[in-house]
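Below, each chain spelled out in residue letters.
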Amino acid sequence: MSFFKKLFGFENKNEKDPSSKDVISKEKDPLTKDVEQFSTDKTALKKKKNIKNKKLFEQKSVQKEESVIKNKRVIDHKFADIDQPINYHKTIIKEDAINKKEFISKTNKFVFSKQKKESLNKGLKKTSISFFNKISRVIIGKSKVDDEILDELEEILISSDVGVKTTLKIIDKIESRVAKDKYINSDELDSILKEEIIKLIGSSDEESQFNISENTPHVILVVGVNGVGKTTSIGKMANYYKTLGLKVVIGAADTFRAAAIEQLEIWAERVGVELVKQKMGSDPASVAFDTLESAINKKADVVLIDTAGRLHNKTNLMNELSKIKRVLQKKNIDAPHEVLLVIDGSTGQNAFEQAKQFTNVTEITSLAVTKLDGTAKGGVVLGISDQFKIPIKFIGVGEALEDLQLFNKKEFVDSFFNKS
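All of the points below concern the structure found in this document. (Residues numbered from 1 in each chain as written. Predicted model: local features only at pLDDT ≥ 70, side-chain atom pairs only at ≥ 80, totals over all residues. Heavy atoms only, no water.)

## Examining the overall build of the protein chain
Now for step 1: Counting secondary structure elements, the protein chain contains 16 helices and 8 strands.
Now for step 2: Contacts in the protein chain between residues far apart in sequence, at least 24 positions, make up 75% of those at least 6 positions apart.
Now for step 3: Of the roughly 23,000 Å² of accessible surface on the protein chain, 51% is carried by carbon and sulfur atoms. (Helix = DSSP H or I, 4+ residues; strand = E, 2+ residues; numbered from the N terminus. Contact = heavy atoms within 4.5 Å. Areas by Shrake-Rupley, 256 points an atom, 1.4 Å probe, with all protein chains shown as cover.)

## A closer look at the packing of helix H6 (residues 125-139) against helix H7 (residues 147-159)
Now for step 1: One can describe the packing of H6 onto H7 by two numbers: an axis separation of 10 Å at closest approach and a directional angle of 165 degrees. Taken together, H6 and H7 sit at an angle that is classed as roughly antiparallel. Crossing of H6 against H7: the hand is right-handed. Contacts between H6 and H7 involve Phe131, Lys134, Ile135, Val138 and Ile139 from the former and Ile149, Glu152, Leu153, Ile156, Leu157 and Ser159 from the latter.
Now for step 2: In terms of residue class, the contact of H6 with H7 is made up of 8 nonpolar, 1 polar and 2 charged. (Axes fitted to C-alpha atoms, helices over the stretch in contact; angles between N-to-C directions. Parallel < 35°, antiparallel > 145°, perpendicular 65-115°, else oblique. Left-handed = near helix turned anticlockwise from the far one by under 90°. Nonpolar A, V, L, I, M, F, W, Y, C, P; charged D, E, K, R; others polar.)

## Overview of the nonpolar core
Now for step 1: In this structure, Leu193 and Phe412 are the most contacted members of the largest nonpolar core, which totals 99 residues.
Now for step 2: The residues touching Phe412, leaving out its near neighbours within four places in the chain, are Leu120, Leu124, Leu372, Gly378, Val381, Leu382, Ile395 and Phe407. (Core = buried A, V, L, I, M, F, W, Y, C linked by side-chain atoms within 4.5 Å. Buried < 20%, exposed > 50% of the residue type's maximum accessible area, 1.4 Å probe, protein only.)

## Topic: unusual backbone geometry
Most of the time, phi is negative for any residue but glycine, and the peptide bond is trans.
Now for step 1: Between Ala335 and the following residue, Pro336, the backbone shows a cis peptide bond with an omega angle of -10 degrees.
Now for step 2: With respect to the helices and strands, Pro336 occurs in the loop between helix H13 (314-331) and strand S5 (338-344).
Now for step 3: The phi dihedral of Asp161 is positive, around 65 degrees, even though this residue is not glycine.

## Some remarks on the pairing of strand S6 (residues 366-370)
Here is the key point about a regular strand: its side chains alternate between the two faces of the sheet.
Now for step 1: The element S6 is largely enclosed, with a buried count of 5 among its 5 residues.
Now for step 2: Neither face of S6 is exposed, since Ser366, Ala368 and Thr370 on one face and Leu367 and Val369 on the opposite face are all buried.
Now for step 3: One ladder, built from 5 bridges, connects S5 with S6; its direction is parallel. Pairing of Asp344 across the sheet is with Thr370, part of S6.
Now for step 4: For the crossover that starts at S5, traverses helix H14 (residues 349-361) and ends in the parallel S6, the hand is right-handed.
Now for step 5: One ladder, built from 3 bridges, connects S6 with strand S7 (residues 392-396); its direction is parallel. When the sheet's bridge partners are listed, Leu367 is paired in S7 with Ile392.
Now for step 6: With helix H15 (residues 380-388) bridging S6 and its parallel neighbour S7, the resulting β-α-β unit is right-handed. (Pairing = 2+ DSSP bridges. Right-handed = clockwise from strand over helix to strand, strands pointing away.)

## Overview of the side chain of Glu320
Now for step 1: Along the polypeptide, Glu320 turns up in helix H13.
Now for step 2: Note on Glu320: relative accessible area 14%, which makes it buried.
Now for step 3: Residues contacting Glu320, with those up to four places away along its chain left out, are Pro284, Ala308 and Arg310.

## As for the pairing of S7
Now for step 1: By the criterion of burial, S7 is predominantly enclosed, with 5 of the 5 residues buried.
Now for step 2: For S7 and strand S8 (residues 404-406), the ladder comprises 3 bridges, and the chain directions are antiparallel. Bridging from a neighbouring strand, Phe394 pairs with Leu406 of S8.

## Quick notes on the sheet that holds S6
Strands pair in a sheet through their backbones, by hydrogen bonds, and they do so in one of two ways: parallel or antiparallel.
Now for step 1: One open sheet holds the 8 strands; their spatial order is S3-S2-S4-S1-S5-S6-S7-S8, and the pairing between them is mixed. Either end of the sheet is taken by a strand with one partner, and the two such strands are strand S3 (274-276) and S8. Going across the sheet, the axis of each strand differs from the next one's by a mean of 25 degrees, ignoring polarity.

## Examining the environment of Val145
Now for step 1: Take Val145: it is sitting in the loop between H6 and H7.
Now for step 2: The exposure class assigned to Val145 is buried, which follows from its relative accessible area of 5%.
Now for step 3: Between the alpha carbons of Val145 and Leu189 there is a distance of 7.5 Å; along the sequence they are 44 residues apart.
Now for step 4: In contact with Val145, other than residues within four places in its own chain, are Leu150, Val178, Ile184, Asn185, Ser186 and Leu189.

## Here we look at the pattern of salt bridges
Now for step 1: Enumeration over the complete set of coordinates arrives at 17 salt bridges.
Now for step 2: Here Glu196 makes a salt bridge to Lys199, at a shortest N to O gap of 3.9 Å. Taken together, the positions of Glu196 and Lys199, both in helix H9 (residues 189-200) and 3 residues apart, correspond to about one turn of that helix.
Now for step 3: Judged by its relative accessible area of 58%, Lys199 is exposed. (Salt bridge = Lys/Arg side-chain N within 4 Å of Asp/Glu carboxyl O.)

See below:
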């Protein structure tokens, strides 16, 4: 019967030939198998590649971490002997080994390279020669420190522009030492003087005065009378911060003098930092606001704002500085983080007066003492630090960009007593 069904085409349609194209076979089509195999192979290859990339990434991370530790160790142990530390600075910042605040704090401790020390000695040479020539004439032929020597020393310190109040403090300390030890050789006078002067400059803590704010940009409002080297100091400060790998923006808010804006333009171009300015006679607070706004937009680290150096009208100056502060606080409630007063060290006792006048007008948080290389009146630094209790942040000891140095009391006094 099935034979006839097949012969005349009456085969049951539900019982199709397994060889028919429409039959769903348990065994898959060769092409399908190839596609599936290719897909499986591709997935496996991709998985293998991901594992390889992961291993490479982990290996690079380990190498990066080892490099960071190595560079960090260099700064921790060898920085003082490195004459050109800038490459190390940039490497550490690029590797994100430590955050900027910690990095700058660490850098601050090792600021005096051999080159900087030589520059400081050279800058204070006139002061040290003048000071020791005077002392030598007093103690020659003397076997011990007596009242006569102390009286002469008092005159020497005052004539070196240390200041009367500070001088009396130093003499009192030496008198106490003489009374306690009964006998002090005149050869010991230098070391005793050195010790007492270092103790006296206790208000300047070089390890804490250079930290920048975590809430960047760190805003520094720079004040000072015309002619003290304020504009030049701003340019050199910008260079110093830039060598640490920090991004700096300068604001020309001294719109009272056209020359001030022009000088800052020259310095900004020379150092390679951005300058924000307006035309002469513009509102200084407006310039300050634009400067901070630009710095925030460009993710700058430090902002230096120049201000007018007028003291003939204290009320107007005070109002101007107060307005600048209020405007800055609209963009950053903590701004300005510093108000730095620049004073001319070569003017001796006049520098005291400058400091006094500005501290009466506004709150001063740090000082920069300039032009110490051209004078024998370097003792003014000691008196100002003692009398005003304001940290001295920078000192100017030469014309070169690098000659505006962070103030370090130990290194300063050491160079002050340098006889070579």
